[in-house]
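The lines below spell out each chain.
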Amino acid sequence: MSDRVVLHVKGRVLVGPEEARDELWVVDGRISYERPRAEAVTVQGWALPGLVDAHCHVGLDAHGAVDETTSEKQALTDRDAGTLLIRDAGSPADTRWIDDREDLPKIIRAGRHIARTRRYIRNFAHEIEPDELVGHVAREAQRGDGWVKLVGDWLDREAGDLGACWPRGAVEAAIAEAHRLGARVTAHCFAEDSLRDLVEAGIDCIEHATGLTEDTIPLFAERGVAIVPTLVNIATFPDLAAGGESKFPRWSAHMRRLYQRRYDTVRAAYDAGIPVFVGTDAGGSLAHGLVAAEVAELVKAGIPPLQALSATTWGARQWLGRPALEEGAPADLVVYDEDPRADVRALAAPSRVILNGRVIG
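Along every chain, residues carry numbers that run from 1 in the direction the sequence is written. Thresholds applied to this predicted model are a pLDDT of at least 70 for local features of residues and 80 or more for the giving and counting of side-chain atom pairs; totals over whole chains, interfaces and linings are not thresholded and use all residues. By convention in this description, side-chain values take in all heavy atoms of the structure and omit both hydrogens and water.

*Asks:* Break down the packing of helix α2 (residues 133-143) against helix α3 (residues 168-180) for me, citing the residues and quoting the values.
*Replies:* What describes two packed helices is the angle between their axes and the distance between those same axes. Axis lines are fitted to C-alpha atoms, over the contacting stretch for helices. Their N-to-C directions set the angle, which ranges from 0 to 180 degrees. Helical segments are the DSSP runs of H or I of at least four residues, strand segments are the runs of E of at least two, and each set is numbered from the N terminus. Packing of α2 against α3 leaves a shortest axis separation of 9 Å and a crossing angle of 25°. For the element pair α2 / α3, the angle class is roughly parallel. Crossing handedness for the pair α2 and α3: right-handed. Between α2, through Leu-133, Val-134, Val-137 and Ala-138, and α3, the contact on the second element is made entirely by Ala-170, Val-171, Ala-173, Ala-174, Glu-177 and Ala-178. Under the scheme applied here, ten amino acids are nonpolar (Ala, Val, Leu, Ile, Met, Phe, Trp, Tyr, Cys and Pro), four are charged (Asp, Glu, Lys and Arg), and all others, including Gly, are polar. Split by residue class, the contact of α2 with α3 holds nine nonpolar, no polar and one charged. Put simply, angles under 35 degrees are roughly parallel, angles over 145 are roughly antiparallel, angles from 65 to 115 are roughly perpendicular, and the rest are oblique. Handedness of a crossing follows from how the near helix is turned relative to the far one, being left-handed for an anticlockwise turn of less than a right angle and right-handed for a clockwise one. When checking whether two residues touch, look at their non-hydrogen atoms; a contact exists if any pair is within 4.5 Å.

*Asks:* Hey, could you go over the sheet that holds strand β8 (residues 83-88) for me, with residue numbers and the actual values?
*Replies:* Pairing between two strands is assigned when DSSP locates at least 2 bridges connecting them. If you walk across this open sheet you meet the three strands as β5-β8-β9, and the pairing is parallel. Looking at strand neighbours, the two that pair on one side only are β5 (51-56) and β9 (106-109), the edges of this open sheet. Averaged over all neighbouring strand pairs, the angle between strand axes comes to 20°, with direction disregarded.

*Asks:* Please set out unusual backbone geometry residue by residue, giving values where relevant.
*Replies:* A negative phi angle characterises most non-glycine residues, just as the trans form characterises most peptide bonds. Phi is positive for Asp-28, close to 55°, though the residue is something other than glycine. Its place among the elements puts Asp-28 in the loop between β2 (19-27) and β3 (30-32). Positioned with a positive phi, Ala-209 is a non-glycine residue whose angle comes to about 60°. Accessible area is worked out with a 1.4 Å probe on protein chains only. A residue is then buried under 20% of its type maximum, exposed over 50%, and partly exposed in between. For Ala-209, a relative accessible area of 2% gives the class buried.

*Asks:* Kindly report on the environment of Ala-141, identifying the contributing residues and their values.
*Replies:* On the secondary structure map, Ala-141 appears in helix α2. For Ala-141, a relative accessible area of 8% puts it in the buried group. Along the backbone, Ala-141 and Asp-94 are 47 residues apart, and their C-alpha atoms lie at a distance of 15 Å. Excluding residues within four positions of it along the chain, Ala-141 makes contact with Val-148, Leu-181 and Ala-183.

*Asks:* Describe in detail the pairing of β2, supporting the description with residues and values.
*Replies:* Alignment of strand β1 (residues 7-16) against β2, held across seven bridges, turns out to be antiparallel. Bridge assignment links His-8 to a residue of β2, and that residue is Trp-25. Connecting β1 to the antiparallel partner β2 that follows it, the hairpin turn spans two residues. Sheet analysis places β2 next to β3, joined by three bridges and oriented antiparallel. By the bridge assignment, Val-26 is partnered in β3 with Ile-31. Linking two consecutive strands that pair antiparallel, namely β2 and β3, is a turn of two residues; a positive phi of about 55° is found at Asp-28 within it.

*Asks:* An account of helix α1 (residues 68-80) is needed here, citing residue identities and associated values.
*Replies:* Here, expected helix span is obtained from the residue count minus one, scaled by 1.5 Å. For α1, spanning 13 residues, the distance from its first C-alpha to its last is 18 Å, which sits close to the expected 18 Å at 1.5 Å a residue. Those residues of α1 not exposed but buried are Ser-71, Gln-74, Ala-75, Asp-78 and Arg-79. Down the axis of α1, the buried set is contained in an arc of 135°. They therefore lie on one face. Once α1 finishes, Gly-82 follows within two positions and takes phi at roughly 100°, a positive value. The reported arc concerns the directions from the helix axis to the C-beta atoms and nothing else.

*Asks:* Please provide a residue-by-residue account of the sheet that holds strand β20 (residues 358-360), values included.
*Replies:* Ordered in space as β3-β2-β1-β4-β18-β19-β20, the seven strands form an open sheet in which the pairing is mixed. The open sheet terminates on both sides in strands that have one partner only, identified here as β3 and β20. For this sheet, the mean angle separating the axes of adjacent strands, direction not counted, is 40°.

*Asks:* Quick one: what's the story with the pattern of salt bridges, residue by residue and with numbers?
*Replies:* Whenever a carboxyl oxygen of Asp or Glu lies within 4 Å of a side-chain nitrogen of Lys or Arg, that contact is scored as a salt bridge. According to the stated counting rule, one finds 25 salt bridges in the structure shown. Its salt-bridge partner being Glu-72, residue Arg-101 comes within 2.8 Å of it at the nearest N-O pair. With Arg-101 in the loop between β8 and β9 and Glu-72 in helix α1, this residue pair connects regions lying 29 residues apart in the sequence. The exposure class of Glu-72 is partly exposed, given its relative accessible area of 24%. For Arg-358, the salt bridge identified is with Glu-102, shortest N-O distance 2.5 Å. One end of the pair, Arg-358, is in strand β20; the other, Glu-102, is in the loop between β8 and β9, and 256 residues separate them in sequence. Overlapping salt bridges bring together Arg-168, Glu-172, Arg-196, Asp-197 and Glu-200 as one network.

Written as structure tokens, this is what we have:
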């Protein structure tokens with residue numbers, strides 16, 4: 001990492017979906033559009049705000065919480081891919097120490113997952129019953145950074161298929177409590193059954209959202225409930241289905257159907273006006289650093305390239321309440337040799353990553 005110097009970023013600075021400037025400066029770690037008197041080091045190319053991964057898990061692997069060394073490697077991998085803002089969508093690890101590191105991405109935490117007893121991945125979540133939900137939501141709302149993460153559905157072994165985890169009254173009370181405490185609520189949902197109750201209870205976001213249908217899409221659009229499709233994770237559904245075929249054939253068939261219609265689901269949601277944001281679900285069994293691949297998947301689903309870019313830059317930062325490339329904002333930006341508006345695959349090859357005003361690498 002370089003010392004903090006004055007930087008002159010020139011070429012095309014993509015300030016917003018419809019706004020580009022020729023240059024900006026980085027002075028004392030912040031963005032300025034006024035030429036300083038000091039000499040500056042020039043960085044040239046197409047500049048975007050630091051990318052956002054709105055569903056990522058730093059401090060987590062397939063077995064649960066990991067140590068700080070592993071967490072650091074995860075965060076560095078995301079950073080080097082251009083991800084400079086993470087919404088951590090559930091982790092049992094304490095990663096607050098990352099906030100003191102100017103060389104690691106900024107994290108917005110949702111606390112630890114809250115799941116029904118024996119209805120989620122072992123060692124990931126608080127596993128509780130419905131009468132405990134409000135209390136746990138209150139605690140995670142106060143521990144997190146303005147978000148709480150529920151597990152809305154999971155395999156019900158008795159039914160042999162995906163099933164909703166919470167009764168309507170429990171989620172209504174829990175979401176109301178989170179909102180009272182100033183936190184937004186999101187939920188893991190693969191299937192169809194839990195969606196209406198969660199949205200009508202006032203939830204703010206749904207992760208994965210593979211169970212959206214023509215019946216629930218209008219409800220999401222009307223309420224302004226966002227989705228984070230995590231298509232790079234949904235790509236694993238066929239392998240998951242194959243692994244569970246002998247024991248849970250109904251579940252396996254269901255997972256395959258959700259996978260097969262995944263692009264149609266995301267495109268229908270976008271066409272209806274549902275806010276769609278980029279998230280990779282890195283950190284469980286999925287690798288970190290896949291943000292560019294997820295943007296490409298959104299484009300493959302039929303979202304226009306500029307809107308897919310916004311889902312990991314300008315729009316995502318606005319949704320999370322964090323600045324982009326405004327005057328005086330922290331200088332978190334990524335520079336590319338090619339125009340990512342012309343081909344989003346350019347996101348996979350950043351030429352410079354600038355974090356807190358310092359050039360990384």
